[in-house]
Amino acid sequence: MLSIQLIRENPDLVRRALQRRHTEAPLDEALALDARWRSVLAEVESLRAERNALSKEIGGLSRLAKGAGLPTGQAGTKEAKHAEHRRSDLMARSSFAGERLDALEDALKELDGQLRRVLLEIPNIPADDVPDGADESGNVVVRQSGEPAAPGFQSKPHWELGESLGIIDFERGAKLAGSRFYVLMGAGARLERALIAWMLDFHTARGYREVYPPAMIKEEALWAGGWLPKFADNMYHDAEEDYWWIPTAEVALTNMHRDEILEPGSLPISYVAGTPCFRREKMSAGRDVRGIKRVHQFHKVEMYKFVEPEQSEQALADMVAQAEALAGELGIARRVVELCGGDLGFNAARAFDIELWAPGCGEWLEVSTCSNCTDFQARRANIRFRREKGTRPEHPHTLNGSGLGLPRTMIAVLENYQQADGSVLVPDVLRPYMGGMERIVSGAGEGRQQVDQTSPEM
């Protein structure tokens, strides 16, 4: 969430940011609500000052009456009568001011809530040197390592490989849950498990603390994480118990320290989590319908950092390098792409994709997006830190990045390590996690049989 002070003092900066993102947001509504809020606040503060002055004067008149030896409400001398009349008048004015103040404070609270709801719809401001562009076509390739594989035979896409090897079952996935679901069998299931375990070991060996959060979270966590209200239609929601299925571990990890003030010396904090993720993929209707590239349920290993503001740019570079190194250990051609303004995520001020080449699909697959969200998420989630004891709390910067995302990493492995005979070599780094298995061959699904579509006996 952007600071209202920033919006109030630099509205043109925010307008340019929205233009660079090629999106719209209720900026004018936020400015109008803020102006109204400040007007009501000024009246509230004036009335509070007036009521305090009245209370002070009433107290002085009451002491005057008591000094004359008269109980409050009984006037004897001319001076005491005048004081009593004055006190009664002031009490009436104070009562009126109190009623008006109560109404204005209620209005102020309502305006404050409206303003916050509107502010939650305004995205983060892109960094000044983020490339300009309306969509992914404006992204910029920063560097590439390795050349796309060119085997001496016709590469098969992963959906053909998976079925021929018996390790990906699309028919049963559809039978169990419908389109965009699948079942991993035998060596396929073990390959995904091996990738996850290897990735987690890679990150924890480099100082990340492993976390396994709930897959269902409260709605307030999604607001704090920046996924509501923008992505409401792309998430699964259990209306009966009001739980939301996590679209990414990023949301849960953001909320690990919601409403907390982190003690001096706490930062940086580095978390890594391997979790299932759930998305409707409504925005991708009609795209990538074959295979396992865009599905409703998938696994992802997520890196997350809380850092001091001046450290976030270096932290982003480190996170990108770590995701890139992880991809590099697979021995697959990879590249780093900086996202343009029109392709930035809602929370991000700067972001880089790490992509792996998939020869069967004939395309680069994004397996990680590493983002610097500056203080945007921390402000939404009310996360603060102190540099030293007794100093004023500040908002830390947060960063997130896939390290890496499945099943696209699995697609890249299958398609790059396929052999002319239809088998798939297991990358060296994964063999210890595959029980020493060196090659996935036909029948690796361990007894996969054809789906019997006959009706069951009644």
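Let me sum up the structure you'll find in this document. Just so it is clear, the structure is predicted and the values come from calculations on it, not from any experiment.

With that settled, consider the sheet that holds strand S11 (residues 334-338). Taken together, eight strands build an open sheet; the order of strands is S1-S11-S12-S13-S15-S10-S9-S4 and the sheet is mixed. Both outer strands of the open sheet, strand S1 (140-145) and strand S4 (209-210), are each paired with one neighbouring strand and no more. Note: S4 against strand S9 (residues 269-278), two bridges, orientation parallel. By the bridge assignment for S9, Arg209 is matched with Tyr271.

Moving on to unusual backbone geometry. Leaving glycine out, the prevailing phi sign among residues is negative, and the prevailing peptide bond configuration is trans. Pro268 follows Leu267 through a cis peptide bond whose omega is 0°. Checked against the element boundaries, Pro268 lands in the loop between strand S8 (261-262) and S9. With an omega of 15°, the peptide bond between Leu406 and Pro407 qualifies as cis. With phi around 65°, Arg180 is a residue other than glycine that occupies positive phi space. With respect to the element layout, Arg180 can be found in the loop between helix H6 (170-177) and strand S3 (183-184). Here Asp242, not a glycine, exhibits a phi torsion of approximately 60°, which is positive. As for its placement among the helices and strands, Asp242 is situated in the loop between strand S6 (237-238) and strand S7 (243-245). Residue Asp242 is classed as partly exposed on the basis of its relative accessible area, which comes to 35%.

Procedures and definitions
- Chains are numbered independently. Their residues run from 1 in the order of the written sequence.
- Owing to the predicted nature of the model, reporting of local features is limited to residues with pLDDT of at least 70; listing and counting of side-chain atom pairs is limited to 80 or more, with chain, interface and lining totals taken over all residues.
- As a rule here, side-chain values come from all non-hydrogen atoms in the structure, and water together with hydrogens is ignored.
- For two strands to pair, DSSP has to find at least two bridges joining them.
- Note on conventions: DSSP H or I runs of at least 4 residues are helices, E runs of at least 2 residues are strands, and numbering of each starts at the N terminus.
- When accessible area is computed with a 1.4 Å probe and restricted to protein chains, residues below 20% of their type maximum are described as buried, those above 50% as exposed, and intermediate ones as partly exposed.

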